[in-house]
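# Geometric and topological summary
The lines below spell out each chain.
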Amino acid sequence: KRIGHGFSLPQHPLLMEICKSRQIAVECCPISNELLRYTASTMSHPLSILLNYNVPVSLSCDDPQFFGNPGLSYDFYQVFTASDTLDIIGLGDLARKSFGFSMMEDEERATEIAKFDIQFDQFLDLVIASSL
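Scope of this entry: the structure provided in the associated data block. (Residues numbered from 1 in each chain as written. Predicted model: local features only at pLDDT ≥ 70, side-chain atom pairs only at ≥ 80, totals over all residues. Heavy atoms only, no water.)

## Considerations on the environment of Asp62
The residue Asp62 is located in the loop between β3 (57-59) and α4 (64-67) in this model. The buried category is assigned to Asp62, whose relative accessible area is 18%. On a C-alpha basis, the gap between Asp62 and Asp125 in space is 31 Å, while along the polypeptide they are 63 residues apart. (Helix = DSSP H or I, 4+ residues; strand = E, 2+ residues; numbered from the N terminus. Buried < 20%, exposed > 50% of the residue type's maximum accessible area, 1.4 Å probe, protein only.)

In C-alpha coordinates form, the structure reads like this:
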(Lines give C-alpha, C1' and ligand atoms only; values in the text may rest on other atoms or scores of the structure.)
Protein backbone atom coordinates (compact mmCIF):
# COMPACT_ATOMS: atom_id res chain seq x y z
CA LYS A 1 0.00 0.00 0.00
CA ARG A 2 2.91 2.38 0.70
CA ILE A 3 6.56 2.88 -0.09
CA GLY A 4 8.57 4.73 2.54
CA HIS A 5 10.46 7.64 0.99
CA GLY A 6 10.81 6.33 -2.58
CA PHE A 7 13.14 9.26 -3.21
CA SER A 8 14.72 7.79 -6.36
CA LEU A 9 11.48 6.36 -7.78
CA PRO A 10 11.34 8.97 -10.62
CA GLN A 11 14.52 7.42 -11.98
CA HIS A 12 12.53 4.23 -12.65
CA PRO A 13 9.54 5.00 -14.93
CA LEU A 14 8.30 1.39 -14.93
CA LEU A 15 8.15 1.34 -11.12
CA MET A 16 6.36 4.70 -11.15
CA GLU A 17 3.78 3.22 -13.52
CA ILE A 18 3.34 0.18 -11.25
CA CYS A 19 2.80 2.45 -8.23
CA LYS A 20 0.29 4.48 -10.20
CA SER A 21 -1.66 1.50 -11.54
CA ARG A 22 -1.72 -0.37 -8.21
CA GLN A 23 -2.37 2.79 -6.17
CA ILE A 24 0.76 2.34 -4.06
CA ALA A 25 1.46 5.60 -2.25
CA VAL A 26 4.96 7.01 -2.04
CA GLU A 27 5.81 8.78 1.20
CA CYS A 28 7.65 12.02 0.50
CA CYS A 29 9.51 13.86 3.25
CA PRO A 30 10.81 17.05 1.62
CA ILE A 31 12.28 18.78 4.69
CA SER A 32 13.96 15.60 5.91
CA ASN A 33 15.40 14.97 2.44
CA GLU A 34 16.78 18.49 2.33
CA LEU A 35 18.28 18.25 5.83
CA LEU A 36 19.88 14.92 4.95
CA ARG A 37 21.18 16.50 1.72
CA TYR A 38 19.41 14.07 -0.60
CA THR A 39 18.26 17.18 -2.44
CA ALA A 40 19.61 20.72 -2.52
CA SER A 41 16.20 22.25 -1.87
CA THR A 42 12.50 21.49 -1.95
CA MET A 43 12.38 23.02 -5.45
CA SER A 44 14.56 20.17 -6.76
CA HIS A 45 12.76 17.45 -4.77
CA PRO A 46 11.33 14.61 -6.94
CA LEU A 47 7.85 15.15 -5.42
CA SER A 48 6.87 17.36 -8.36
CA ILE A 49 7.75 14.58 -10.81
CA LEU A 50 5.62 12.09 -8.90
CA LEU A 51 2.69 14.53 -8.81
CA ASN A 52 3.04 15.31 -12.53
CA TYR A 53 2.85 11.58 -13.33
CA ASN A 54 -0.14 11.10 -10.99
CA VAL A 55 1.73 8.72 -8.72
CA PRO A 56 -0.10 8.51 -5.37
CA VAL A 57 1.82 10.54 -2.81
CA SER A 58 1.56 10.98 0.93
CA LEU A 59 3.38 14.01 2.24
CA SER A 60 5.10 13.09 5.49
CA CYS A 61 7.53 14.49 8.00
CA ASP A 62 10.38 12.16 8.82
CA ASP A 63 11.62 11.93 12.40
CA PRO A 64 10.10 15.25 13.56
CA GLN A 65 11.64 14.97 17.03
CA PHE A 66 15.12 14.30 15.67
CA PHE A 67 15.00 17.27 13.31
CA GLY A 68 13.11 19.52 15.72
CA ASN A 69 10.27 19.77 13.22
CA PRO A 70 7.07 20.60 15.12
CA GLY A 71 4.70 19.06 12.59
CA LEU A 72 3.62 18.31 9.08
CA SER A 73 2.36 21.83 8.32
CA TYR A 74 5.93 22.92 7.62
CA ASP A 75 6.36 20.26 4.94
CA PHE A 76 3.14 21.37 3.25
CA TYR A 77 4.24 25.01 3.46
CA GLN A 78 7.69 24.18 2.06
CA VAL A 79 6.17 22.25 -0.87
CA PHE A 80 3.61 24.99 -1.57
CA THR A 81 6.13 27.83 -1.61
CA ALA A 82 8.66 25.86 -3.69
CA SER A 83 6.20 24.85 -6.41
CA ASP A 84 5.43 26.81 -9.55
CA THR A 85 2.40 24.65 -10.31
CA LEU A 86 0.82 23.60 -7.01
CA ASP A 87 -2.05 25.89 -6.08
CA ILE A 88 -4.13 25.93 -2.91
CA ILE A 89 -6.64 23.44 -4.34
CA GLY A 90 -3.82 21.07 -5.30
CA LEU A 91 -2.38 21.43 -1.82
CA GLY A 92 -5.75 20.48 -0.33
CA ASP A 93 -5.94 17.51 -2.69
CA LEU A 94 -2.48 16.39 -1.58
CA ALA A 95 -3.56 16.60 2.07
CA ARG A 96 -6.77 14.69 1.37
CA LYS A 97 -4.88 11.94 -0.46
CA SER A 98 -2.45 11.71 2.46
CA PHE A 99 -5.44 10.82 4.63
CA GLY A 100 -6.59 8.33 2.03
CA PHE A 101 -3.31 6.44 2.19
CA SER A 102 -2.95 6.61 5.96
CA MET A 103 -2.76 3.52 8.12
CA MET A 104 -6.11 4.31 9.80
CA GLU A 105 -8.95 1.83 9.80
CA ASP A 106 -11.52 2.47 7.05
CA GLU A 107 -14.16 3.95 9.36
CA GLU A 108 -11.71 6.28 11.11
CA ARG A 109 -10.23 7.33 7.76
CA ALA A 110 -13.67 8.21 6.39
CA THR A 111 -14.46 10.24 9.52
CA GLU A 112 -11.17 12.14 9.34
CA ILE A 113 -11.53 12.84 5.61
CA ALA A 114 -15.05 14.19 6.21
CA LYS A 115 -13.69 16.46 8.99
CA PHE A 116 -10.87 17.60 6.74
CA ASP A 117 -13.28 18.40 3.89
CA ILE A 118 -15.38 20.61 6.17
CA GLN A 119 -12.34 22.39 7.63
CA PHE A 120 -10.73 22.88 4.23
CA ASP A 121 -13.94 24.34 2.78
CA GLN A 122 -14.09 26.73 5.75
CA PHE A 123 -10.45 27.67 5.15
CA LEU A 124 -11.13 28.35 1.48
CA ASP A 125 -14.14 30.51 2.43
CA LEU A 126 -11.84 32.50 4.73
CA VAL A 127 -9.23 32.94 2.01
CA ILE A 128 -11.85 34.08 -0.47
CA ALA A 129 -13.48 36.47 2.02
CA SER A 130 -10.12 38.01 2.93
CA SER A 131 -9.26 38.63 -0.71
CA LEU A 132 -12.45 40.58 -1.46
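On we go from here.
## A word on the sheet that holds strand β1 (residues 2-3)
Read from one edge of the open sheet, three strands run β1-β2-β3, paired in parallel fashion. Both outer strands of the open sheet, β1 and β3, are each paired with one neighbouring strand and no more. Direction of pairing for strand β2 (residues 25-28) relative to β3: parallel, over a ladder of three bridges. What sits directly across from Cys28, in β3, is Leu59. (Pairing = 2+ DSSP bridges.)

## So, the environment of Cys29
As for its placement among the helices and strands, Cys29 is situated in the loop between β2 and α2 (30-35). Using a relative accessible area of 3% as the deciding quantity, one classes Cys29 as buried. With 103 residues separating them along the chain, Cys29 and Leu132 place their C-alpha atoms 35 Å apart. The residues touching Cys29, leaving out its near neighbours within four places in the chain, are His5, His45, Ser60, Cys61, Asp62 and Asp75. (Contact = heavy atoms within 4.5 Å.)

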